Amino acid sequence: MAPYEMFLSVARLPKDELVSLLKRMGTILLDNHAILRKIEYLGTKQFLKPVRKKGIKRCEPGETSGSFFVFHVDLPPTAKYELHPQLYLEKDVLRLSFERKMSLLPDGYTCQLTQEMLPPSQRPSVKRLIESGRRITHHQPFNPGTEGQRWPDNTNPRVNPRVESENYS
């Protein structure tokens, strides 16, 4: 199974209709042997120009705003070609695309669901991040007057125009 991100733009809908649409999309994915990892809501935004679904008559007005989602899924190799037409049949789906994820989980990765269900302050991975942020780093002391100096005094041609004329005459 290969990891994919399914980008989805949907017509602006009331919350209950949007939830039912996402459930239908999820069941279609699961019925086609996909593993649904995560659904991200990217927000509702205005389109730059009115967007029509392909196949809609030109005389009908297009959508001016929509909601954007990303489904993180694992699919069999040929499933995305079978899924695309099925998912696009939904009338409120304006755009749909599958992008292959390049970052895979490491070979020895095991999910510890009990650790992931803990609140963030109690997870070992979050504790390590907090501790690394608290480490005291020793920096070079600030020496005023030396910031941005690459040239010895009075030899920068941008600051001292006479230097350039002296070198090239």
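Presented here is a report on the structure given in the accompanying data block. Residue positions are given per chain, counting from 1 as you read along its sequence in written order. Local features in this predicted model are restricted to residues of pLDDT 70 or higher, and side-chain atom pairs are both shown and tallied only at a pLDDT of 80 or more, whereas totals for entire chains, interfaces and linings draw on every residue. Values shown for side chains rest on all heavy atoms present in the structure; no hydrogens or waters enter the calculation.

### With respect to the nonpolar core
With 24 residues, the main nonpolar core has Leu8, Leu29, Phe71, Leu75, Leu83 and Leu87 as its most contacted residues. Going along the chain from the N terminus, every DSSP run of H or I of four or more residues is numbered as a helix, and every run of E of two or more is numbered as a strand. Those elements giving two or more residues to this core turn out to be β1 (2–11), α1 (15–31), β3 (63–75), α2 (79–88) and β4 (93–100). With six residues, α1 is the single largest residue contributor to this core. The contact rule is simple, with two residues in contact once any of their heavy atoms fall within 4.5 Å. Once you skip the residues sitting within four places of it in the chain, Leu29 turns out to touch Met6, Ala34, Leu36, Phe71, Val73, Leu83 and Leu87. Residues enter a nonpolar core if they are buried and are Ala, Val, Leu, Ile, Met, Phe, Trp, Tyr or Cys, with the set joined through side-chain atoms within 4.5 Å. Burial classification: accessible surface area is computed with a 1.4 Å probe over protein chains only, and a residue below 20% of its type maximum counts as buried, one above 50% as exposed, and the rest as partly exposed.

### Here's the deal with the sheet that holds strand β2 (residues 35–51)
Strands pair in a sheet through their backbones, by hydrogen bonds, and they do so in one of two ways: parallel or antiparallel. Here, a strand pair is defined by DSSP locating no fewer than two bridges between the strands. Taken together, four strands build an open sheet; the order of strands is β2-β3-β1-β4 and the sheet is antiparallel. Edge positions in the sheet fall to β2 and β4, since each of these pairs with one other strand and no more. Each adjacent strand pair in this sheet contributes to an overall mean axis angle of 20 degrees, direction not counted. Here ten bridges tie β1 to β3, and the two strands are oriented antiparallel to one another. Pairing of Ser9 across the sheet is with Phe68, part of β3. As a rule, the C-alpha atoms of each element are fitted with a line to give its axis, helices using only the stretch in contact, and angles between N-to-C directions run from 0 to 180 degrees. Against the sheet, α1 makes contact with β1, β2, β3 and β4, and its axis sits at roughly 30 degrees relative to β3, the strand it touches most. Here α2 sits on the sheet and contacts β1, β3 and β4; the angle it forms with β4, its principal contact strand, is near 165 degrees.

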